[in-house]
Structure formats: C-alpha cells, structure tokens
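Architecture and fold: a report
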Amino acid sequence: MDHALCARAHTLTREQTNVAHAVAASPDRITCVVGAAGTGKTTAIAVGARALEDAGLVVVGAAPSAQAARTLAASADIHAHTLHALLADPRGIAPGSVVVVDEGSMGDTRTLSALIQKAEERDARLVLIGDTAQLPGGRAEWTVR
C-alpha cells in the first residue's frame, strides 16, 4: 500500500500526505479527518482511496445529504450515497470495505451510531471527514473534535 501512496502523493502537501496515509494504512476501525474548508481534505482522501482500491479493497462514500454525496463522488471519484441510503441497502457496505463519510460532523448521532454498528458487523473501516465550523445546533449531533 505504501508504494501506491508514494506513486500518488507527489502532488500533496505534508499534511495531505499524512491524511492519505492514515486513510489507506490505519489499522483503526474509525479514522477521523478534521480540517477547515478548503484545506485539501478531499484531495488527500482521494489519494488514500486509490491506494486502498489498488490493494483490492472496496471503497464507498457516504454523506448526510444527497448534495454532499454528489460532491464527494465528483471530487474524490468515490461512488457515494446518502448515509440513509447506504444503511438501507443490505449490500451497501461490503465485508472488509472502507466507508468514507464526508461532512461527518453534520451527521446525527443516531445515524452515525447505526453506521458504526453496521461497519463492525461487516468488518469494515470508517473514515469520517469533518469541519467543526459546520456543526449544526439544536439536535442530536456527532462531533469530530
């Protein structure tokens, strides 16, 4: 996997390279990527996702809204769904896959809890991407802090 990362990381900043490596090589069930808008999180995620795919893993994207899912799909070239659609699809999370959740800080606690449970059942990893400046108020929410 390191070879696949090195082959693509030449255009990344040091921080983006660290993010791509964390996405591709972390042994953790859940990896959180936190950064302000415009810092290159999606670019780094795309490099990490390609390295995972090169290693034979399935990478699927998700986001709280349809627009965010479309943006993730277009900017990181990851097939993406809304969180609810992914959870409703019995084949949405393949065993051993990696699920990249963009706008993770906008997801509500109940939905993200269901996603974590399903990921555990499928022995899948989660990569939660968020921007703490986008946290909504007044409802059950998950934070990436």
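Residues numbered from 1 in each chain as written. Predicted model: local features only at pLDDT ≥ 70, side-chain atom pairs only at ≥ 80, totals over all residues. Heavy atoms only, no water.

Some words on the pairing of strand 5 (residues 125–130)
Most of strand 5 is tucked away, with six of its six residues classed as buried. Burial along strand 5 is two-sided: Arg-125, Val-127 and Ile-129 facing one way and Leu-126, Leu-128 and Gly-130 facing the other are all buried. Both strand 1 (residues 30–34) and strand 5 contribute to a ladder of five bridges, which runs parallel. Its bridge partner being in strand 5, Ile-30 is matched across the sheet by Leu-126. In this sheet, strand 5 lies alongside strand 4 (residues 98–101) in parallel orientation, the contact comprising four bridges. The partner of Val-98 across the bridge, within strand 5, is Arg-125. (Buried < 20%, exposed > 50% of the residue type's maximum accessible area, 1.4 Å probe, protein only. Helix = DSSP H or I, 4+ residues; strand = E, 2+ residues; numbered from the N terminus. Pairing = 2+ DSSP bridges.)

Some details on the packing of helix 2 (residues 14–25) against helix 3 (residues 41–54)
Packing of helix 2 against helix 3 brings their axes to within 8 Å, and their N-to-C directions diverge by 40°. With respect to the hand of their crossing, helix 2 and helix 3 are arranged in right-handed fashion. Judged by residue contacts, Gln-16, Val-19, Ala-20, Val-23 and Ala-24 of helix 2 engage Thr-43, Ala-44, Ile-45, Val-47, Gly-48, Ala-49, Ala-51 and Leu-52 from helix 3. (Axes fitted to C-alpha atoms, helices over the stretch in contact; angles between N-to-C directions. Left-handed = near helix turned anticlockwise from the far one by under 90°. Contact = heavy atoms within 4.5 Å.)

As for the layout of surface pockets
Over the atoms, a rolling probe the size of a water molecule traces out where space has been left empty. The volume enclosed by the largest pocket comes to roughly 160 Å³. Around the largest pocket, the lining is made up of 13 residues, and of these Ala-37, Gly-38, Lys-41, Thr-42 and Glu-103 lie nearest the centre. Of all the secondary-structure elements, those providing two or more residues to the lining of the largest pocket are helix 3 and strand 5. (1 Å grid on protein atoms, 1.4 Å probe; cavity = no way out; pocket = protein on both sides within 12 Å on 5 of 7 lines; lining within 4 Å. Points joined across faces, edges and corners; volume = space filled by probe spheres on them.)

A closer look at helix 4 (residues 66–76)
Buried within helix 4 are the following residues: Ala-68, Ala-69, Leu-72 and Ala-76. In an axial view of helix 4, the angular spread of the buried residues amounts to 100°, which keeps them on one side of the axis. In helix 4, the exposed positions angled more than 90 degrees off the buried face are occupied by Arg-70 and Ala-74. Elements that come into contact with the buried residues of helix 4 comprise helix 3, strand 2 (59–63), strand 3 (80–82) and strand 4. (Arc of directions from axis to C-beta.)

Here's the deal with the environment of Gly-104
When you line up the elements, Gly-104 lands in the loop between strand 4 and helix 6 (109–121). Separated by 40 residues in sequence, Gly-104 and Pro-64 have C-alpha atoms that sit 7.4 Å apart.

Some words on the confidence of the model for the protein chain
This prediction gives the protein chain a mean pLDDT of 86; 85% of its residues lie at or above 70. Ranking the elements of the protein chain by mean pLDDT puts helix 1 (residues 2–8) last, at 58, and helix 5 (residues 83–88) first, at 97. Between residues 138–145, whose pLDDT stays under 50, and residues either more than four places distant or in other chains, the model counts 25 contacts. (pLDDT = per-residue confidence, 0-100.)

Observations regarding unusual backbone geometry
At Asp-77, a residue that is not glycine, the phi angle is positive and equals roughly 55°. Relative to the assigned elements, Asp-77 resides in the loop between helix 4 and strand 3. At Asp-123, a position not held by glycine, the phi torsion is positive, near 55°. Residue placement: Asp-123 occurs in the loop between helix 6 and strand 5.

Brief notes about the sheet that holds strand 2
Note: strands within a sheet are paired through backbone hydrogen bonds, in either parallel or antiparallel orientation. Taken together, the five strands give an open sheet; going across it, the order is 1-5-4-2-3, and neighbouring strands pair in parallel fashion. Unpaired on one side and paired on the other, strand 1 and strand 3 mark the two borders of the sheet. Ignoring strand direction, the axes of neighbouring strands in this sheet form an average angle of 20°. The strands touched by helix 2 are strand 1 and strand 5; relative to strand 5, the strand with the most contacts, the crossing angle is about 150°. Most of the contacts of helix 4 go to strand 3, to which it runs at about 170°, and overall it touches strand 2, strand 3 and strand 4.

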